[in-house]
Amino acid sequence: MERDTKKTSWPVIMNISLRGSPIYSLLTRDALKLRVSEKTIHNSCIFPLSGVAFVISYLHEVTRQFEDLTAVCSKLSSSLDKLLQVHRKGYVILISSTFNDSEMKKLKALQDRYLLTKLRILPSHGFSECVSQMLDVAKVLCKPMSAIMENRLQMTAGSFLSISIIRETLQKIGIPDCEISMVEDGLQSICRVSTASRMELLDCGMESESADLILEFFRKN
């Protein structure tokens, strides 16, 4: 798996809350194209090429307090609700070194809370397994490399001048440089931004307001 990720140089957008964590170190070790963002969901990692996002949490933080193992923590549920609103495919990875009766009750509480949603729940025994799970899911959901390379070749048909013009245009309509770079990584070419859907832009870690600005601009032009 590590060899495959190095070969494709997958872009990953990580929320700043995970910078300095073992997750950050492990993803950096795998030589992924890692960007850190303040604007994405707390404790999240986004794989734009696969259209999938993960929220990472310790299992013991799922419920509000030890006495009540059925009430899901509002901070976590807020992150997961936003995950479901913004991303087509969303996973929560729950890290715990053990899965005893108490942990299983917490896991069940989260399953019950999101039973009728598209959220997928993955238990994990540690950071290394967590990263492996993310990479495995991203690999399965990613488009075939042949399709990715074909898109890249098509985009190469655009000149460096057009790329420069598009970046300048996005800056003029108020898109921050950090979000332009995230979209460039996620779409594999800034030239694709004019035809990207709203969901594709959000999957790159872009703010809803920025995605709407881009869609509105290119619809008018």
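As the structure is a computational prediction, the values presented were derived from the model and not from experiment. (Residues numbered from 1 in each chain as written. Predicted model: local features only at pLDDT ≥ 70, side-chain atom pairs only at ≥ 80, totals over all residues. Heavy atoms only, no water.)

## Some thoughts on the overall build of the chain
1) Next: Check the secondary structure of the chain and you find 10 helices and eight strands.
2) Next: Each of the 221 residues in the chain was classed as buried or not, and the buried ones make up 46%.
3) Next: Considering only intrachain contacts with a sequence separation of at least 6, the fraction spanning at least 24 residues in the chain is 67%.
4) Next: With an accessible surface of roughly 11,400 Å², the chain has 53% of that area assigned to carbon and sulfur atoms. (Helix = DSSP H or I, 4+ residues; strand = E, 2+ residues; numbered from the N terminus. Buried < 20%, exposed > 50% of the residue type's maximum accessible area, 1.4 Å probe, protein only. Contact = heavy atoms within 4.5 Å. Areas by Shrake-Rupley, 256 points an atom, 1.4 Å probe, with all protein chains shown as cover.)

## A closer look at the pattern of salt bridges
1) Next: Taken as a whole and assessed by the stated rule, the structure comprises five salt bridges.
2) Next: Linking Lys 39 and Glu 179 is a salt bridge whose minimum nitrogen-to-oxygen distance equals 3.1 Å. With Lys 39 in the loop between strand 2 (33–37) and strand 3 (44–47) and Glu 179 in helix 8 (residues 177–187), this residue pair connects regions lying 140 residues apart in the sequence. (Salt bridge = Lys/Arg side-chain N within 4 Å of Asp/Glu carboxyl O.)

## Looking at the packing of helix 2 (residues 22–29) against helix 5 (residues 127–141)
1) Next: Packing of helix 2 against helix 5 brings their axes to within 9 Å, and their N-to-C directions diverge by 55 degrees. It follows that helix 2 is oblique to helix 5 by the angle criterion. Helix 5 is crossed by helix 2, and the crossing has right-handed handedness. Between helix 2 and helix 5, the residues in contact are Pro 22, Ile 23, Leu 26 and Leu 27 and Phe 127, Ser 128, Cys 130, Val 131, Met 134 and Leu 135, respectively.
2) Next: Class assignment of the residues belonging to the contact of helix 2 with helix 5 gives a composition of nine nonpolar, one polar and no charged. (Axes fitted to C-alpha atoms, helices over the stretch in contact; angles between N-to-C directions. Parallel < 35°, antiparallel > 145°, perpendicular 65-115°, else oblique. Left-handed = near helix turned anticlockwise from the far one by under 90°. Nonpolar A, V, L, I, M, F, W, Y, C, P; charged D, E, K, R; others polar.)

## A closer look at the nonpolar core
1) Next: Ile 23, Leu 27, Cys 45, Phe 47, Phe 54, Ile 56 and Met 134 are the most contacted members of the largest nonpolar core, which totals 24 residues.
2) Next: Among the elements of the structure, strand 1 (11–15), helix 2, strand 3, strand 4 (52–58), strand 7 (89–95) and helix 5 are those that each provide at least two residues to this core.
3) Next: It is helix 5 that contributes the most residues to this core, six residues altogether.
4) Next: By size, the runner-up hydrophobic cluster in this structure holds 20 residues, among which are Val 55, Leu 80, Tyr 114 and Leu 119. (Core = buried A, V, L, I, M, F, W, Y, C linked by side-chain atoms within 4.5 Å.)

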